[in-house]
Amino acid sequence: EDDATMADMITDFLETKFPGAQLTTYKSGEEALNGIFRKPSLIILDYHLDGSNPMAMNGLQVLAKLKERHPDVEVVFLSAQESTEIAANTMKYGAYDYILKNQHAFNRLEVVMRNIMGQNVLKKNAGTQRFFNYLLATMVIALLIGIIYTRMTQ
């Protein structure tokens, strides 16, 4: 986010709606790319990221690099860009959603974030379920082998 006031508003909103969340903000796309060492749960990205440096990367460029490094991390664009081309390109390059900054933006951001968090819980639960399915299948196979072995040696 290139607007400090908007960045503060977004941070305040997220801290209020998601009190346990750990938030990290960056002043530019380059700073974000250099600062993201571990896989974040979610990234909120703007199109214009550094109003003071005309050579700074834009949000689409940062999105492409983020997806190279962390392809499974969900990225939500929150931008004032009304260009359908920019919105379409964010989706093309792997953004989860594109939210236009308007009077409904924060409500929509909350809904999108809750959807992403719900999907993350489902993915985690599916992984746990797979583990227990494999464990159960292994136990059943071992039991069947034991029964067959016992019958053959009698």
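Provided above is the structure to which this section pertains.
Here the structure is a predicted model, which is why all the values come from computation and not from measurement.

1. Here's the deal with the overall build of the chain
No. 1: Helix and strand content of the chain: five helices and three strands.
No. 2: Counted from the first residue to the last, the chain has its helices and strands arranged as α-α-β-α-β-α-β-α.
No. 3: Relative to its length of 154 residues, the chain is extended, with a C-alpha radius of gyration of 22 Å against a globular reference of 15 Å.
No. 4: In terms of principal-axis extent, the alpha carbons of the chain reach across some 85 × 30 × 30 Å.
No. 5: Within the chain, the proportion of its 154 residues that are buried is 31%.
No. 6: The long-range fraction of contacts in the chain, counting pairs at least 24 apart against all pairs at least 6 apart in sequence, stands at 54%.
No. 7: Counting 15 positive and 17 negative side-chain charges, the chain places the averaged centre of each group 14 Å from the other.

2. Focus: the pairing of strand E1 (residues 42-45)
No. 1: Every second residue of E1 is oriented toward a common face, the buried set being Ile 43 and Leu 45 and the non-buried set Leu 42 and Ile 44.
No. 2: Pairing of E1 with strand E2 (residues 74-79) involves four bridges; the strand directions are parallel. Looking at E2, one finds that Ile 43 is bridged to Val 75.

3. Section: the environment of Asn 58
No. 1: Tracing the backbone through its elements, the reader meets Asn 58 in the loop between E1 and helix H3 (59-69).
No. 2: Counting along the chain gives 30 residues from Asn 58 to Ser 28, while the straight-line C-alpha distance between them is 8.9 Å.
No. 3: Here Asn 58 is in contact with Tyr 47 and Leu 49, once residues within four sequence places are set aside.
No. 4: In terms of polar contacts, Asn 58 uses its side chain to reach the side chain of Tyr 47, at 3.3 Å.

4. Re a nonpolar patch on the surface
No. 1: Taken together, Leu 136, Val 140, Leu 143, Leu 144, Ile 147, Ile 148 and Met 152 make up a surface patch of nonpolar side chains, about 710 Å² in accessible area.
No. 2: As for its position among the elements, Ile 147 is in helix H5 (residues 105-152).
No. 3: For Ile 147, a relative accessible area of 38% corresponds to the partly exposed category.

5. Considering the sheet that holds strand E3 (residues 97-100)
No. 1: If you trace the three strands from one edge of the open sheet to the other, you get E1-E2-E3, paired in parallel fashion. Each end of this open sheet is capped by a strand with a single partner; those strands are E1 and E3. Taken pair by pair, the neighbouring strands of this sheet meet at an average axis angle of 20 degrees, ignoring direction.

6. Examining the pairing of E2
No. 1: Burial runs high along E2: six of the six residues are buried.
No. 2: Burial along E2 is two-sided: Glu 74, Val 76 and Leu 78 and Val 75, Phe 77 and Ser 79, pointing in opposite directions, are all buried.
No. 3: Where E2 and E3 come together, four bridges link them in parallel fashion. Following the sheet pairing, Ser 79 is matched in E3 by Leu 100.
No. 4: As for the winding sense of the linkage, the β-α-β connection from E2 through helix H4 (residues 84-92) to E3 is right-handed.

Rules behind the numbers
Residues numbered from 1 in each chain as written. Predicted model: local features only at pLDDT ≥ 70, side-chain atom pairs only at ≥ 80, totals over all residues. Heavy atoms only, no water. Helix = DSSP H or I, 4+ residues; strand = E, 2+ residues; numbered from the N terminus. Rg over C-alpha atoms; globule rule 2.2 N^0.38 Å. Buried < 20%, exposed > 50% of the residue type's maximum accessible area, 1.4 Å probe, protein only. Contact = heavy atoms within 4.5 Å. Lys, Arg positive; Asp, Glu negative; His and termini not counted. Charge placed at Lys NZ, Arg CZ, Asp CG, Glu CD. Pairing = 2+ DSSP bridges. Polar contact = N/O pair within 3.5 Å; in protein donor to acceptor, adjacent residues only side chain to side chain. Patch = residues over 30% accessible without salt bridge, like charges linked within 9 Å, V, L, I, M, F, W, Y side chains within 5 Å. Areas by Shrake-Rupley, 256 points an atom, 1.4 Å probe, with all protein chains shown as cover. Salt bridge = Lys/Arg side-chain N within 4 Å of Asp/Glu carboxyl O. Axes fitted to C-alpha atoms, helices over the stretch in contact; angles between N-to-C directions. Right-handed = clockwise from strand over helix to strand, strands pointing away.

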